[in-house]
Amino acid sequence: KTFLEHPEYFSGNVKKGEIPAAPKFNVANKDLVNLVKEDALFRIKESARIGKPLMMVSMEPSDGGGFCTSPECLKIGNTSDQVFYLANEVARYVQKYYPGMWVGSLAYNEHILPPKLPLEKNVFVMVHNGFNRRKFNTYELLHQWRNLVRKTGVYEYLNVYEWDNDLPGKSSASQLAYVRSSIPAFYKNGATAYLAETNVGWVSKGLGQYVAARLLWDPQVNVDSLTNDYYNKCFGAFAPIIRKGYDSGEH
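Residues numbered from 1 in each chain as written. Predicted model: local features only at pLDDT ≥ 70, side-chain atom pairs only at ≥ 80, totals over all residues. Heavy atoms only, no water.

Asker: Sorry if this is basic, but what is going on with the state of the cysteines here?
Answerer: Defined simply, a disulfide is a covalent bond joining two cysteines at their sulfur atoms. This structure, assessed with the given rule, holds one disulfide. Note on cysteine connectivity: Cys68 is disulfide-linked to Cys73, with sulfurs 2.3 Å apart. Measuring handedness by torsion sign, the sulfur bridge of Cys68 and Cys73 sits at about 85° and is right-handed. (Disulfide = S-S within 2.5 Å.)

Asker: Is there a simple way to think about a positive patch on the surface in this case?
Answerer: A cluster of basic residues, Lys121, Arg146, Arg150 and Lys151, forms a positive patch at the surface. Turning to its location among the elements, Arg146 is positioned in helix H5 (residues 138-146). Exposure remark for Arg146: the relative accessible area of 36% places this residue in the partly exposed category. (Patch = residues over 30% accessible without salt bridge, like charges linked within 9 Å, V, L, I, M, F, W, Y side chains within 5 Å. Areas by Shrake-Rupley, 256 points an atom, 1.4 Å probe, with all protein chains shown as cover. Salt bridge = Lys/Arg side-chain N within 4 Å of Asp/Glu carboxyl O. Lys, Arg positive; Asp, Glu negative; His and termini not counted. Charge placed at Lys NZ, Arg CZ, Asp CG, Glu CD. Helix = DSSP H or I, 4+ residues; strand = E, 2+ residues; numbered from the N terminus. Buried < 20%, exposed > 50% of the residue type's maximum accessible area, 1.4 Å probe, protein only.)

Asker: What is the right way to read the pairing of strand E3 (residues 123-128) from this model?
Answerer: Two faces, one strand: in a regular strand the side chains alternate between the faces of the sheet. Most of E3 is tucked away, with six of its six residues classed as buried. Side chains Val123, Val125 and Val127 of E3 all project onto a buried face; the interleaved residues Phe124, Met126 and His128 project onto the opposite face, where all are buried too. Pairing of strand E2 (residues 102-107) with E3, which is carried by five bridges, proceeds in the parallel orientation. Within E3, the position partnered with Ser105 by the bridge is Val125. Bridge analysis of E3 against strand E4 (residues 151-157) gives five bridges, and the strand direction is parallel. Bridged to His128 within E4 is Tyr155. Note on the crossover from E3 through H5 to E4: the handedness is right-handed. (Pairing = 2+ DSSP bridges. Right-handed = clockwise from strand over helix to strand, strands pointing away.)

Asker: Teacher, can you tell me more about the pattern of salt bridges here?
Answerer: For side chains of opposite charge, pairing can occur when their charged atoms come near one another. As enumerated under the stated definition, the model contains 10 salt bridges in all. The salt bridge partner of Lys16 is Glu5, with a shortest N-O separation of 3.4 Å. Here Lys16, found in the loop between helix H1 (2-5) and helix H2 (30-49), pairs with Glu5, found in helix H1; they are 11 residues apart in sequence, far enough to count as distant. Residue classification places Lys16 among the exposed positions, given a relative accessible area of 59%. Glu46 is the salt-bridge partner of Arg49, the closest N and O atoms lying 2.6 Å from each other. Of this pair, Arg49 and Glu46 both sit in helix H2, separated by three residues, roughly a single helical turn. Through salt bridges with shared partners, a single ionic network connects Lys37, Glu89, Arg92 and Glu120.

Okay, here's the thing in structure tokens:
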């Protein structure tokens, strides 16, 4: 109801009584910033009241483009500056009432690069391993973000059906070499959290997803031993036949 009454809280030309399909905030509007801060505090309080206390509140903007380009917003800075300016404001505010409460956001797409402003100690950033149009790879981005925040993570795409149609060997989850190398490398470069999109596919993606799950508990686990364990326990006497298919890339 508040947004319907205040189109000035959004970027672009929005009419009263309308909310954009992929809304982006006008972060230069002080009333909008105060509303977001109070809403974050309300979400934290309400979650505690119902017995499901939050450890983190998200300040990730809606997907897609359309960020604010008004002169007032551009004084704050580019897209990354705007996104993390708002996250910073919320982080500073909730820290007063809930010390140790994290405020999270993605490093993603238009805001994948670090902002120019220093970030509060309770801001958490999850770097996207995709939709990266910059010259830095995910490992380099993790290093850059680690100079600004205490904790970072990686948002991964092990399988997106619309991208690979679950075809044999096409998803990252079905490529064991990638899984076994990427997760330890993310950890080595500072990531302490991992979130992946994937789908059920116990034949083509079973091994990769099993190994990924075990690597997340221990990045130094023996992957060859895990692989043998998977084949033998899943396929029994047929393990050699199935393994031959995997190794040949015909899975």
